[in-house]
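# Structural description and commentary
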Amino acid sequence: MSETNLPVIDSRMVVSSRIRLARNLKKYPFPSRLSEEAAREMKLELHDLLKEYPHETFDFLDMKNVTSVQAGAMTEEHLISPDFGRNGEKTALLLGREKTLSVMINEEDHLRIQAMGFGSCLEDLYRRINELDDYIDGKVEYAFSDKYGYLTSCPTNLGTGIRASVMLHLPALTRRGLMERVIHSVSQVGITVRGLYGEGTQAGACLYQVSNSYSLGISESETIALLNRIVAQICESEKKARENQFPDLRARDELYRSYGILKECRMLTSAEFRTLYSKVRLAAEEGLLELDIPALDRLFIECQPYNLMLTGDSESENERDQRRATLVRERMRG
Amino acid sequence: MLCENCKKNTATTYFKQTVNGKTREVFLCSECAAKLGLGDSFSNFGNFGFGLSAMSDLLGAFSAPASAKCPTCGITLNEVSRSGTMGCADCYDTFRDYLRRLLPRISGNKIHNGKVPHAAEKNEEKEIPALKKRLEEAIKTENFEEATVLRDKIRELEAKKNSEGGDAK
């Protein structure tokens, strides 16, 4: 069913792609009704099972041994959900070596199998996640119904249990106040767009998560094709919104100044960094600055509060702002 | 008139709701009305899962009382509708009436289309008769949208069977 006219995605604006599958084991009640004892048993069972997986080596992180700073940092990396770390007795994370593949145990469902990658790579991620899912399926019995598909805690995840998402950088649509219209129009075709990092204000990073809204009655390949099509359309709108913007010296000047601040700052708050990141990324996407964009995206994660706490003892916000500035300066100067 | 819930006391409370041109009416005694959260005060409605109005939820789920419990995990319909989450795989059978009304609001009246786990794959032989049984049930309960989907699925499978060994999935 692979289309001949695959949508062309302007990959400059695509930050990362992500897929997760929601799965439950037939023999246990869902996590909210699962006793701590049964949850511990399940953690061990899945740990043993995934140790044997031939295509990836997983580190086993029992969340009861993970500090709140470590959990916060993993949340910023989108490896776990915010609540996952708070329920350590029941939860564990199996983390692949390159952090591409991971499995959350006892989040809202017994298994949340995830795959993540930079740029636009949904098909590749699905191939990898599907392979892992097949392997687990060969060892356990999943809760499944012919009518509803994979049975999940929340009925919004029924069907394939897939949630595919793409993170986009959309500064021009944001600046022109067009995002609300985009969000509304794609919601009509079963796609959800969510702003991350304080959208709606001028101080945002202009990052948006685009994902499928439901997974019942639509196959995995259809979901990915739909998402790719919508992502291509949104990127096209962003491109149009950027047209004729950069011959204007004032507009270019704003971006170069942002780069200047990042190279020379001595104090940098989280909010200011997000805004400057967006402007410098835009300059790189438009070819005004020669920058390694994936490295900039990695820096964005490293500069989040918990990730900064992870690499130093600076507890006060002032110290963190200072360390953020030092880190950014070093990277920007190469 | 007797209360439609306990079938013992005299009904004193009447609720009526029209959805898509279909009107549903419920007659309750004051005790059952209070138990179902339809008493004097509407303050205890809280936030029902998925932003459904409490009224349509209760009327929708009326064939199973709010205190209905899943025999496997013990969760009640009340808890399910409040949290929006199921307690175990068997809840999908226990609370099927609730789901029948809830799911169209999330994903339309659809049935699964996509990957099937190994354990379920082995049943493929039995799939057509099982679907036919569900089709009959859907027609009986006047769930015509689901019936249409099931009919198409049966046709698709029969065509596949006739053309012998089509591609998997």
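Residues numbered from 1 in each chain as written. Chains lettered and ligands numbered in written order. Predicted model: local features only at pLDDT ≥ 70, side-chain atom pairs only at ≥ 80, totals over all residues. Heavy atoms only, no water.

## Remarks on the overall build of chain B
Along chain B, the regular secondary structure elements total eight helices and two strands. Each helix and strand of chain B, ordered N terminal to C terminal, gives the series β-β-α-α-α-α-α-α-α-α. A burial count over chain B gives 40% of its 169 residues as buried. Considering only intrachain contacts with a sequence separation of at least 6, the fraction spanning at least 24 residues in chain B is 38%. (Helix = DSSP H or I, 4+ residues; strand = E, 2+ residues; numbered from the N terminus. Buried < 20%, exposed > 50% of the residue type's maximum accessible area, 1.4 Å probe, protein only. Contact = heavy atoms within 4.5 Å.)

## Examining the interface of chain A and chain B
On the side of chain B, 30 residues touch chain A, which itself brings 36 residues to the contact. Summing the contributions of chain A and of chain B, the shared interface buries around 2,900 Å²; its carbon and sulfur component is 60%. Broken down residue by residue, the surface that chain A buries against chain B is led by Arg-33, Lys-147 and Pro-155 of chain A, which jointly contribute 22%. For the pair chain A and chain B, the number of links is four salt bridges. In this structure, the salt-bridge partner of Asp-133 of chain A is Lys-115 of chain B, at a minimum N-O distance of 2.6 Å. Counting across the interface, chain A meets chain B through 15 residue pairs in polar contact (both at pLDDT 80 or more). Within the residue set of the side of chain A that touches chain B, elements represented by two or more residues are helix H3 (122-137), strand E7 (149-150) and helix H6 (220-242) of chain A. (Buried area = accessible area lost by both parts, 1.4 Å probe. Salt bridge = Lys/Arg side-chain N within 4 Å of Asp/Glu carboxyl O. Polar contact = N/O pair within 3.5 Å; in protein donor to acceptor, adjacent residues only side chain to side chain.)

## What to know about the domain arrangement of chain A
Residues and elements named next belong to chain A. Domain assignment breaks chain A into domain 1 (3-239) and domain 2 (249-333). The centre of domain 1, based on its C-alpha atoms, is set 27 Å off from the matching centre of domain 2. Residue-level contacts link 22 residues of domain 1 with 22 residues of domain 2. Buried area between domain 1 and domain 2, summed over both chains or domains, comes out near 1,800 Å², and the portion from carbon and sulfur atoms is 59%. In this structure, Arg-175 engages Glu-254 in a salt bridge whose closest nitrogen and oxygen atoms are separated by 3.3 Å. Across the contact surface, domain 1 and domain 2 share nine residue pairs in polar contact (both at pLDDT 80 or more). Elements represented by at least two residues in the side of domain 1 that touches domain 2 include exactly strand E1 (14-23), helix H2 (68-76) and helix H4 (171-175). (Domains from an automatic or database assignment.)

## With respect to the environment of Arg-175 of chain A
Residues and elements named next belong to chain A. One can find Arg-175 in helix H4. Spatially, the C-alpha atoms of Arg-175 and Ser-221 are 34 Å apart, while their sequence positions differ by 46 residues. Contacts of Arg-175, omitting those with residues within four sequence positions, involve Glu-254 and Lys-279. Of the polar contacts made by the side chain of Arg-175, one reaches the side chain of Glu-254; its length is 3.3 Å.

## With respect to the packing of aromatic side chains
Residue and element names in this part refer to chain A. Evaluated as defined, the whole model comprises eight aromatic pairs over all chains. For the ring pair Phe-273 and Tyr-277, a centre distance of 6.4 Å and an interplane angle of 45° mean the geometry is tilted. Of this pair, Phe-273 and Tyr-277 both sit in helix H8 (residues 270-285), four residues apart, which is roughly one turn of that helix. Of the two residues, Phe-273 and Tyr-277, neither departs from the other in class, the shared state being buried. Three or more aromatic residues joined by ring pairs form one cluster here, namely Tyr-53, Phe-58 and Tyr-135. Positioned above the aromatic ring of Tyr-142 is the side chain of Arg-23, whose terminal nitrogen or guanidinium carbon lies 5.6 Å from the ring centre. In this structure, Arg-23 packs its charged tip against the face of Tyr-150, placed 3.5 Å from the ring centre. (Phe/Tyr/Trp six-rings, centres within 6.5 Å; stacked < 30°, edge-to-face > 60°. Lys NZ or Arg CZ within 6 Å of the ring centre and 35° of its normal.)

## Re the environment of Asp-292 of chain A
Residue and element names in this part refer to chain A. Among the secondary structure elements, Asp-292 is positioned in the loop between H8 and helix H9 (293-302). The partly exposed category is assigned to Asp-292, whose relative accessible area is 46%. When the C-alpha atoms of Asp-292 and Tyr-142 are compared, they prove to be 42 Å apart, with 150 residues separating the residues in sequence.

## Some remarks on the pairing of strand E8 (residues 162-169) of chain A
All names here are of chain A. Extensive coverage of E8 is indicated by the burial of eight of its eight residues. Going residue by residue along E8, you find Ile-162, Ala-164, Val-166 and Leu-168 tucked away on one face and Arg-163, Ser-165, Met-167 and His-169 tucked away on the opposite face as well. Sheet topology note: the E8/strand E10 (residues 207-212) ladder contains five bridges and is antiparallel. Bridge pairing in E10 places His-169 opposite Leu-207. (Pairing = 2+ DSSP bridges.)

## Focus on the confidence of the model for chain B
Residue and element names in this part refer to chain B. Per-residue confidence for chain B averages 71 on the pLDDT scale, and 59% of its residues sit at or above 70. Mean pLDDT across the secondary structure elements of chain B bottoms out at helix H2 (residues 54-60), with 44, and peaks at helix H4 (residues 91-94), with 94. In this model, residues 17-21 is a region of pLDDT below 50 whose contacts with residues beyond four sequence positions or in other chains number eight contacts. For residues 39-62, every residue scores under 50 in pLDDT, and the model assigns this stretch 45 contacts once sequence neighbours within four places are set aside. Confidence estimates for the predicted assembly give a pTM of 0.78 and an ipTM of 0.83. (pLDDT = per-residue confidence, 0-100.)

## Topic: the sheet that holds E10 of chain A
Residues and elements named next belong to chain A. Across the sheet, eight strands lie side by side as E2-E3-E4-E5-E1-E8-E10-E9; this open sheet has antiparallel pairing. Every other strand in the sheet has two partners, leaving strand E2 (58-62) and strand E9 (191-196) as the edge strands with one partner each. Along the sheet, successive strands turn relative to each other by an average axial angle of 20°, direction set aside. This element, helix H5 (residues 179-187), spans E9 and E10 of the sheet and lies at about 150° to E9. (Axes fitted to C-alpha atoms, helices over the stretch in contact; angles between N-to-C directions.)

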